[in-house]
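# Structural overview for review
For reference, the chains in residue letters:
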Amino acid sequence: MADSLPTEFDVVIVGTGLPESILAAACSRSGQRVLHVDSKSYYGGNWASFSFSGLLSWLKDYQQICIDGEESTVKWPDLIHETEEAITLRKKDETIQHMEIFCYVSQDLDDNVEEIGALQKNLSTVASSTLTEPLDSACLVKDKRSVYVTKYKMPAKDTLKSDRETSLEVNDIEETLEKENDCGDKTRVHTDGDKDEKPVEDNMDQPKRNRITYSQILKEGRRFNIDLVSKLLYSQGLLIDLLIKSNVSRYAEFKNVTRILTFWEGKVEQVPCSRADVFNSKELTMVEKRMLMKFFTFCTDFEQHPDEYEAFKQRPFSDYLKTKKLTPSLQHFVLHSIAMTSESSCTTIDGLKATKNFLQCLGWFGNTPFLFPLYGQGEISQCFCRMCAVFGGIYCLRRKVQCLVVDKESGRCNAVIDHLGQRIHAKNFIVEDSYLSEETCSSVQYKQISRAVLITDQSILKTDSDQQISVLIVPPVEPGTFAVRVTELCSSTMTCMKDTYLVHLTCSSSKTAREDLESVVKKLFTPYAEIEINKEEHSKPRLLWALYFNMRDSSGISRSSYNGLPSNVYVCSGPDCGVGNEHAVKQAETLFREIFPSEEFCPSPPNPEDIILDGNDKQPEVPGTKNVLMAEVEP
């Protein structure tokens, strides 16, 4: 694309996160002229997904920006008129903090592995706040080991299927494995470990596991799609409804989450969710099964029986569960694995709503309420961006917006000035929170999310199948800490290489990410070692690689908290800590209705057969056709 952009738009959107991408699609679909820009070189912002080498490059680039900032090629103050004033935007992204990298596998690299730089650092020199040390010396377990970064190029992943018959495609495990074996071998770099692969049944009885090296991870780096934020989709949630309604679902594919797990009495167990799971469970007695089913039945229409919970409405959900004659294990299952909350942070009414939502989402695409998008969460933002582009939206990455230009007389924003000095006019402006300056956000109180990304060699709960997608809630141990959500992804999700698992840990922050999450990591995994120490350690999955970081949570911030924003400038938040995407969808729809109150939010696209490309050429109406959409393509 040429450097010069058109200068007149209806909506300018800064940032390509999920809420902004949904808004871009909705605005473009309603006929608005949309310019969607991002200072980054990739879509998604903090909702993005990266290959393994891409993630390391992102860390390196992010650290460099934090140190040096970003230089603009044109100074914007010279471009502001006397009747105008400017609201500057932030020069560097400060939403990620406390980055720490650990590599536990052998660092022997083959000659054909291309290096960018060694990442080696002693634990004592890890940055304690925003990363201020060069990433070339990132933290590792042992000083003598070194980590290497490969040059990164975004792989082209296009899952568009124009002939798809269903509104939402959910793949079975076996089907995806066939695709992976048939198609993946064309680009896969084979390693020594591949020659010794054995069936899953054999591996269950073998004490010795495949040896995985850092060189293998680098070679297979394109098979990883690592999300910055870990999310799942409720099968009857707002995002699934929007994907189907707008027909954006045709751009993506999904897999159902196969297991809900819990951490009870020091071990990981599977939680029975559906009626069939409850009655097939060998861990529950017949009495417990009946008690649990009775409680589930009550939760599906609890609003019709207010007398049952009125006295506990604002009391902790855990107190209410004790009155339902549920055993301690069942109370634990309901509280942590079904309502997915903790004892101190959830009222009874919120717990009942969460339980009802969980139960209502069961059985639509599998035996759990959740779906996961193939290739990672970052695909969803790109799907909505694609819809925006289909309806005429203009996209420009690596386009930095220096300031908002505000007319002094009207107090409204009428333009933005980019890093090349171009002035772009619009009627409305939507900006992601991370782009706003410190002055604008000086009154905002942000929360933080603690995140960890792990690569492991086997599942946290082994079964006959090694292709399980699991969700585990680990309850807090100490007062003032939060429950940790663990999402384990297998290779059939197209997020990791074969014989490995990609594990995401997420919780609200009370300290740094490593301090919040390391105790959970130690409970579930053991660091990779060439020589196994004992059989107990061997029973746990081995941890191959780990990344810890804190991410800003800007959800739930009211518009009045920002200083001096014009009335036609709207703010989108970054990812929240919740398991689903409900907040992002609600925010996008609320802002769209505020900007365009008379327009429908993301209506269904027209039937291609009903579109007449040239509105000036009158064609005879075919008998029986109604509501034909007249669309004129601009030159």
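Fair warning: this is a prediction, and the values are worked out from it, not measured in the lab.

Rules and cut-offs
- Residues numbered from 1 in each chain as written.
- Predicted model: local features only at pLDDT ≥ 70, side-chain atom pairs only at ≥ 80, totals over all residues.
- Heavy atoms only, no water.
- pLDDT = per-residue confidence, 0-100.
- Contact = heavy atoms within 4.5 Å.
- Buried < 20%, exposed > 50% of the residue type's maximum accessible area, 1.4 Å probe, protein only.
- Helix = DSSP H or I, 4+ residues; strand = E, 2+ residues; numbered from the N terminus.
- Pairing = 2+ DSSP bridges.
- Axes fitted to C-alpha atoms, helices over the stretch in contact; angles between N-to-C directions.
- Core = buried A, V, L, I, M, F, W, Y, C linked by side-chain atoms within 4.5 Å.
- Expected span 1.5 Å × (residues − 1).
- Salt bridge = Lys/Arg side-chain N within 4 Å of Asp/Glu carboxyl O.
- Phe/Tyr/Trp six-rings, centres within 6.5 Å; stacked < 30°, edge-to-face > 60°.
- Lys NZ or Arg CZ within 6 Å of the ring centre and 35° of its normal.
- Arc of directions from axis to C-beta.
- Parallel < 35°, antiparallel > 145°, perpendicular 65-115°, else oblique.
- Left-handed = near helix turned anticlockwise from the far one by under 90°.
- Nonpolar A, V, L, I, M, F, W, Y, C, P; charged D, E, K, R; others polar.

Across the chain, the average pLDDT comes to 80, with 76% of residues at 70 or higher. Across residues 533-537, confidence stays below pLDDT 50; counting only partners more than four residues off in sequence or on other chains, it has 1 contact.

We now examine the pairing of strand β22 (residues 484-489). With 6 of its 6 residues buried, β22 lies for the most part within the structure. Neither face of β22 is left uncovered, since the one carrying Val484, Val486 and Glu488 and the one carrying Arg485, Thr487 and Leu489 both have all their residues buried. Of the strand pairs in this sheet, strand β21 (residues 470-474) and β22 are connected by 5 bridges, and their pairing is antiparallel. Note that in β22 the partner of Val471 across the bridge is Thr487. Pairing of β22 with strand β23 (residues 501-508) involves 5 bridges; the strand directions are antiparallel.

Here we take up the sheet that holds strand β16 (residues 401-407). Taken in spatial order, the 4 strands of this open sheet run β4-β16-β17-β18, and their pairing is antiparallel. Looking at the sheet topology across the chains shown, the edges are occupied by β4 (84-88) and β18 (423-425). For this sheet, the mean angle separating the axes of adjacent strands, direction not counted, is 30°.

Quick look at the nonpolar core now. Counting 102 residues, the largest nonpolar core has Phe52, Trp58, Phe295, Phe317, Leu505 and Trp545 as the members making the most contacts within it. Ranked by residue count, the leading element in this core is strand β25 (residues 542-553), at 8 residues. Excluding anything up to four places from it in sequence, Trp58 contacts Tyr42, Phe50, Ile96, Met99 and Leu228. Cys383, Phe384, Cys572 and Phe601 belong to the second largest nonpolar core, which has 41 residues in total.

Our next topic: helix α9 (residues 286-300). Across its 15 residues, α9 extends 22 Å between first and last C-alpha, which sits within 8% of the 21 Å expected from 1.5 Å per residue. Among the residues of α9, Glu288, Lys289, Leu292, Met293, Phe295, Phe296, Phe298 and Cys299 are the ones counted as buried. Where the residues of α9 are buried, they touch α8 (275-280), α10 (317-322), α11 (328-338) and α12 (348-360).

What follows is about the pattern of salt bridges. Under the definition given, this model contains 20 salt bridges. In this structure, Asp93 and Lys40 form a salt bridge, with 3.6 Å as the shortest nitrogen-oxygen distance. Separated by 53 residues along the polypeptide, Asp93 in the loop between β4 and β5 (96-103) and Lys40 in the loop between β2 (34-38) and β3 (49-50) bring together distant segments of the chain. Asp93 sits in the buried class, given a relative accessible area of 13%. Asp319 serves as the salt-bridge partner of Arg315, at 3.9 Å between the closest nitrogen and oxygen. Assessed through its relative accessible area of 23%, Asp319 is described here as partly exposed. A single salt-bridge network, built from bridges that share partners, covers Asp10, Arg33 and Lys427.

Here a ring pair, both rings aromatic, is described through the centre-centre distance and the interplanar angle of the planes. For the structure on display, the rule yields 17 aromatic pairs. Each ring, one from Phe317 and one from Tyr320, has its centre 6.5 Å from the other, and the planes form 15°; the classification is stacked. Note that Phe317 and Tyr320 are positioned in helix α10 at a spacing of 3 residues, about one turn of the helix. The buried category is assigned to Phe317, whose relative accessible area is 0%. An aromatic cluster is built from Tyr42, Phe50, Trp58 and Phe549, whose rings are joined through pairwise contacts. Above the plane of the ring of Tyr251 lies Arg386, whose end atom (NZ or CZ) is 5.2 Å from the centre.

Now for helix α7 (residues 238-246). Every buried residue of α7 is accounted for by Leu239, Ile240, Leu242, Leu243 and Ser246. Buried residues of α7, seen end-on, are gathered within an arc of 165° and therefore sit on one face of the element. In this structure, the buried side of α7 is in contact with α1 (18-29), β10 (233-234), β11 (254-256), β14 (370-373), α13 (378-390) and α16 (582-595). Just past α7, the residue Asn247 takes up positive phi, approximately 70°.

Before going further, it helps to examine the pairing of β14. Burial along β14 is two-sided: the face carrying Phe370 and Phe372 and the face carrying Leu371 and Pro373 are both buried. Relative to β14, β10 is paired through 2 bridges, and the arrangement is antiparallel. Considered in β14, the bridge of Tyr234 is made with Phe370. Summarising the sheet, β11 and β14 pair through 3 bridges and their orientation is antiparallel. Pairing of Asn256 across the sheet is with Leu371, part of β14.

At their nearest, the axes of α1 and α16 sit 9 Å apart, and the two run at 40° to each other. Taken as axis vectors, α1 and α16 run oblique relative to one another. The handedness of the crossing between α1 and α16 is right-handed. Residues Leu18, Pro19, Ile22, Leu23, Ala26 and Cys27 of α1 pack against Ala584, Val585, Gln587, Ala588, Leu591 and Phe592 of α16. Residue composition of the contact of α1 with α16, grouped by class: 11 nonpolar, 1 polar and no charged.

On to the environment of Arg222. Residue position: Arg222 is located in the loop between α6 (214-219) and β9 (226-227). Sequence-wise, Arg222 and Thr495 are 273 residues apart; in three dimensions their C-alpha atoms are separated by 9.0 Å.

Let's shift gears to the packing of α7 against α16. Taken N-terminus to C-terminus, the directions of α7 and α16 make an angle of 55°; their axes are 8 Å apart at the nearest point. Judged by the angle between their axes, α7 and α16 are oblique. Counting all contacts with α7, which are made through Leu238, Leu239 and Leu242, the residues of α16 involved are Glu582, Val585 and Lys586. When the residues that make up the contact of α7 with α16 are grouped by side-chain class, the tally is 4 nonpolar, no polar and 2 charged.

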